Amino acid sequence: MKTLRPTIALLCTSLILLNSFATIKNPVIEEKNDVKNTKSTPSDCFVIMTDGSTLYYTTLKLVTGVLTTPHLLADNKIIIYAKDVLAYQDKNRYAISHSLLITKKRSYVAAETLPGFAVRIAEGKLNVYSRKYYNGNNTVTEYFLQSGEGDVVSYSPDLMSELVKDNPKASDFYNSKLKTGPNSKKLLTTADIYNQSQLLTKN
């Protein structure tokens, strides 16, 4: 019996030590995995998934190629496919899925974004998005407009006029420069005038 006591004591000490290591280690693992609650800054890269979760990364880049399905590569190791993404922000742009666009056209072009995604080119109370698609012969740019947090709707001259009509400066500029087709410089300048005025009104 005397010879068993040191063995039992050693066994108990080992169990206590192992338990304490496990207790110290677990919170660190949980903290790393709790990505949804990570706070972001404007420079963060993030992906809003179709299940509503938002995942933050240090780096995020678009990967395309002849024999490659276009996808996002997060932190140089995590592959994310378009079907799982609602929107994403990398170091250069914010882009939204075709499922959030109100348009009859489909796009499979992956020039600067995931296939079918539209890039935000003006931000504020009036958002402007652009997306590339094939019209059968060439790649064409399609524009979309969004007032506040409303629907992202395909551009038309009448819709643009309606959205900026409450701002005389933006409305006069847009309508005085109106042409038959969309023009990115005109849209961006009008959106900038409109959004700047909205900011000044709030202040």
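Throughout what follows, the structure given in this document is the object of discussion.

Definitions and cut-offs
- Residues numbered from 1 in each chain as written.
- Predicted model: local features only at pLDDT ≥ 70, side-chain atom pairs only at ≥ 80, totals over all residues.
- Heavy atoms only, no water.
- Pairing = 2+ DSSP bridges.
- Helix = DSSP H or I, 4+ residues; strand = E, 2+ residues; numbered from the N terminus.
- Contact = heavy atoms within 4.5 Å.
- Axes fitted to C-alpha atoms, helices over the stretch in contact; angles between N-to-C directions.

**Quick notes on the pairing of strand S5 (residues 78-81)**
Inference 1: Of the pairings in the sheet, the one linking strand S4 (residues 68-74) to S5 comprises 4 bridges and is antiparallel in character. Residue pairing for S5: histidine 71 is matched across the bridge by tyrosine 81.
Inference 2: The hairpin turn running from S4 into S5, its antiparallel successor, is 3 residues long, and aspartate 75 in that turn takes a positive phi close to 50 degrees.

**Some details on the sheet that holds strand S6 (residues 85-89)**
Inference 1: Spatially, 9 strands are ordered S2-S1-S6-S7-S9-S10-S11-S12-S8 in an open sheet, and the strand pairing comes out mixed. Among the strands making up the open sheet, the edge pair consists of strand S2 (54-57) and strand S8 (101-102).
Inference 2: Direction of pairing for S6 relative to strand S7 (residues 94-96): antiparallel, over a ladder of 3 bridges. The partner of alanine 87 across the bridge, within S7, is isoleucine 96.
Inference 3: With respect to the sheet, helix H2 (residues 157-164) is in contact with strand S10 (126-134), strand S11 (139-147) and strand S12 (152-154), its orientation differing from that of S11 by roughly 30 degrees.

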